[in-house]
Amino acid sequence: MQVINPATEEIIKDLTEDTQTSIAQKLNQLKKGQALWSQKTIDERLEIIIRFGGLVKANADELAEILTKETGKPITQSKGEVTGSLNRIEHLKSNAKKWLSSEKIASGEVIESITYEPLGVIANISAWNFPYNVGYNVFLYALVAGNAVLYKPSEYASLTGLKFKELLHQAGVPKDVFETVIGAGSVGQHLLEADLDGYYFTGSHKTGVHIATTVAHRLVPVQLELGGKDPLYVMDDVQDINQAAINAAEGAFYNNGQSCCAVERIYVDERIYDEFVAHFVAEVKTYKIGDPMDESTFTGPLTRAQQIDIILNQINEAKSKGAEVILGGDRPDSKGYYLNPTVLTQVTHNMGLMKEESFGPIIGIQKVSTDKEALTLMNDTPYGLTAAVYSSDENRARKLLDQLNVGTVYWNCCDRVSPNTPWSGRKNSGLGSTLSYQGIRSFTQPKSYQMRGL
Ligand code: NDP
């Protein structure tokens, strides 16, 4: 398998893909390793994960460079992810013991308690856009809970996946407790046929449904963190329209819009619409597009070449239905998978741009006249990951946030994930939760003890 730098289109590495046989061998080893790993105390396992965090910190520059070279993520954003994602380890440090320890529930004639046992060996099939954040949400939490992990990085983040393995082993995770599976979707398919004890997937709705239906007959836990079409609504009472526009633009264009919770569509009250759009476009014009290794670059190439056509098709379809491209809409004349940040107005919900995940540097801004209209449009999507409202009135914003059918709502912020609250999608955005105490328990199965002395 070739690893290609999306900024230069050059091959940076050739990797050997796993096969059904190598996966079976790895799984066999992991089953043996897990039995011993689960006998360690939570504190012992945590200590190793904390040591892993230390190694990541010590090697942050090198790790960020690897991430930038294989995904095209601008280097400052790669550094931000490598160090920012360590907050998952802080969260585990403060909370894992509390939520994984056994609980005494009743102490009458029959003593009742619950223990949280690991599942066994789980598959972590992961995405490339934030491999640290979404990887850690699964494999670090699973390891601390006493599971072994077979980790399949996306083919577009394989070098980062191999670094995870190297540093976890260096930190003290036994070799037969964490293993990688290298290869594309066809190699991932072998995992669905293997005898794993749970499937934790981050990626597209289409692949998520395929995984869930393929392994359904085995009745093992399946958790899906999928895509979104996340809306942001700016009410007319927002105090600082410029600041709201700056935030919204960053939410839409950070990592080139390749975030599961990127702002994918914007609604603005008609009374402030023109002013908001002017500030928004002015902000996006300041984004420097170019070499992702350059510290001043905000917009690098897309990670996957094939996404360019998906986005250009959305632009063309929207234009044919009356949308106006007020910024971008084309590709710079250079090597690499670049697309100029694109802003469209005069958009409606009969355009794919406002309904289907774009996953790129493109945004439609639609005018609305009431909160009710905004709410209807925000909920008019098969997805349900996040939604944001900008307003100076918390109660007014809250009234709307309460009625949104999504896993996470934001007031005057957007495109953010916290380890303290559950990360979960509704509808086509997923099933189950990572992070928070729910995410800590996601990798366990409860056992109920009912004990009576005779
Ligand atoms: P994909 O669904 O294309 O791939 C995700 C993973 O599944 C990759 O490792 C991929 O391998 C693997 N895969 C593909 N086909 C199969 C198969 N048949 N069996 C097993 N595994 C398979 O998603 P992307 O990598 O393109 O990720 C982008 C998507 O992920 C977006 O929709 C985004 O919104 C979503 N996402 C959701 C997050 C959330 O927390 N809700 C967070 C991050 C992203 P390979 O890449 O090698 O083909």
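No experiment lies behind these values; they were computed from the predicted model shown.

1. What to know about the layout of surface pockets
So, point 1. Computed from the structure, the largest pocket encloses a volume of approximately 990 Å³.
So, point 2. Lining of the largest pocket is provided by 38 residues; of these, Phe 201, Gly 203, Ser 204, Thr 207 and Arg 304 occupy positions nearest its centre.
So, point 3. Per element, the largest residue contribution to the lining of the largest pocket is five residues, and it comes from helix α9 (residues 205-215).
So, point 4. Class assignment for the residues of the lining of the largest pocket results in 15 nonpolar, 16 polar and seven charged.
So, point 5. Formed jointly, the lining of the largest pocket draws a minimum of three residues from each of two domains, domain 1 (2-226 + 429-452) and domain 2 (230-411).
So, point 6. Along the walls of the second largest pocket sit 25 residues, with Phe 130, Asn 133, Asp 415, Arg 416 and Val 417 positioned nearest its centre.
So, point 7. Listing elements by their share of the lining of the second largest pocket, those giving two or more residues are α4 (75-84), α5 (87-100), α6 (131-144) and α10 (241-253).
So, point 8. At four residues, α4 tops the list of elements feeding residues into the lining of the second largest pocket.
So, point 9. In terms of residue class, the lining of the second largest pocket is built from nine nonpolar, 11 polar and five charged.

2. Observations regarding the site of the ligand
So, point 1. The immediate surroundings of the ligand are formed by 31 residues, with Ser 126, Ser 204, Thr 207, Leu 226 and Glu 357 found nearest.
So, point 2. Gly 185 is positioned with one of its backbone polar atoms (N or O) 3.2 Å from an oxygen atom of the ligand.
So, point 3. Isolated, the ligand exposes 910 Å² of accessible area, and the fraction of that covered by the protein chains is 91%.
So, point 4. Cavity membership is defined here by more than half of the atoms lying within 2 Å of grid points; on that basis the ligand lies in the largest pocket.
So, point 5. Elements with a contribution of two residues or more to the shell around the ligand: α8 (185-193), β8 (199-202) and α9.
So, point 6. By residue number, the principal contributor to the shell around the ligand is α8, which donates four residues.
So, point 7. Its residues assigned to classes, the shell around the ligand comprises 13 nonpolar, 13 polar and five charged.
So, point 8. When we break the shell around the ligand down by domain, the ones giving at least three residues each are domain 1 (2-226 + 429-452) and domain 2 (230-411).

3. Focus on the pattern of salt bridges
So, point 1. This structure, assessed with the given rule, holds 25 salt bridges.
So, point 2. Note that Lys 229 and Glu 264 form a salt bridge whose closest N and O atoms lie 2.8 Å from each other. Of this pair, Lys 229 sits in the loop between β9 (222-225) and β10 (230-234) while Glu 264 sits in strand β11 (residues 263-269), and the two are 35 residues apart along the sequence. The two residues Lys 229 and Glu 264 agree in class, both being buried.
So, point 3. Across the salt bridge formed by Asp 294 and Lys 288, the nearest N and O atoms sit 3.0 Å from each other.
So, point 4. Of the residues examined, Lys 288 reaches a relative accessible area of 37% and is grouped as partly exposed.
So, point 5. If you follow the salt bridges from partner to partner, you end up with Asp 18, Lys 26, Lys 165 and Glu 179 in one network.

4. A closer look at α5
So, point 1. Given a rise of 1.5 Å per residue, 14 residues ought to cover 20 Å, and the 19 Å separating the end C-alpha atoms of α5 matches this to within 8%.
So, point 2. The largest bend along α5 measures about 45 degrees and falls at Ser 94.
So, point 3. Its buried side turned inward, α5 meets α2 (42-58), β4 (111-118), α6, α15 (436-441) and β22 (444-451).

5. Describing the domain arrangement of the chain
So, point 1. The assigned domain composition of the chain is domain 1 (2-226 + 429-452) and domain 2 (230-411).
So, point 2. The distance between the C-alpha centroids of domain 1 and domain 2 comes to 31 Å.
So, point 3. At the interface, 23 residues of domain 1 touch 26 residues of domain 2.
So, point 4. The junction of domain 1 with domain 2 conceals about 2,200 Å² of combined surface from both sides, 58% of it contributed by carbon and sulfur atoms.
So, point 5. On inspection of domain 1 and its partner domain 2, the count reaches one salt bridge.
So, point 6. A salt bridge links Lys 79 to Glu 295, with the nearest nitrogen and oxygen atoms 2.8 Å apart.
So, point 7. At the boundary of domain 1 with domain 2, the tally comes to 12 residue pairs in polar contact (both at pLDDT 80 or more).
So, point 8. For the side of domain 1 that touches domain 2, the elements supplying multiple residues, two or more each, are α3 (60-71) and α4.
So, point 9. Residue composition of the side of domain 1 that touches domain 2, grouped by class: nine nonpolar, nine polar and five charged.

6. Examining the sheet that holds strand β12 (residues 324-327)
So, point 1. Read across the sheet, seven strands follow the order β12-β13-β14-β11-β10-β16-β17 without closing on themselves; strand pairing throughout is mixed. Each of the sheet's edge strands pairs with one partner strand only, and the pair in question is β12 and β17 (408-411). For this sheet, the mean angle separating the axes of adjacent strands, direction not counted, is 25 degrees.
So, point 2. Sheet topology note: the strand β16 (residues 386-390)/β17 ladder contains four bridges and is parallel. Bridge pairing in β17 places Thr 386 opposite Thr 408.

Cut-off values and rules
Residues numbered from 1 in each chain as written. Predicted model: local features only at pLDDT ≥ 70, side-chain atom pairs only at ≥ 80, totals over all residues. Heavy atoms only, no water. 1 Å grid on protein atoms, 1.4 Å probe; cavity = no way out; pocket = protein on both sides within 12 Å on 5 of 7 lines; lining within 4 Å. Points joined across faces, edges and corners; volume = space filled by probe spheres on them. Helix = DSSP H or I, 4+ residues; strand = E, 2+ residues; numbered from the N terminus. Nonpolar A, V, L, I, M, F, W, Y, C, P; charged D, E, K, R; others polar. Domains from an automatic or database assignment. Near = heavy atom within 4 Å. Polar contact = N/O pair within 3.5 Å; in protein donor to acceptor, adjacent residues only side chain to side chain. Areas by Shrake-Rupley, 256 points an atom, 1.4 Å probe, with all protein chains shown as cover. Sits in = over half its atoms within 2 Å of the grid points. Salt bridge = Lys/Arg side-chain N within 4 Å of Asp/Glu carboxyl O. Buried < 20%, exposed > 50% of the residue type's maximum accessible area, 1.4 Å probe, protein only. Expected span 1.5 Å × (residues − 1). Bend = angle between axes of the 7 residues up to and from the residue. Contact = heavy atoms within 4.5 Å. Buried area = accessible area lost by both parts, 1.4 Å probe. Pairing = 2+ DSSP bridges. Axes fitted to C-alpha atoms, helices over the stretch in contact; angles between N-to-C directions.

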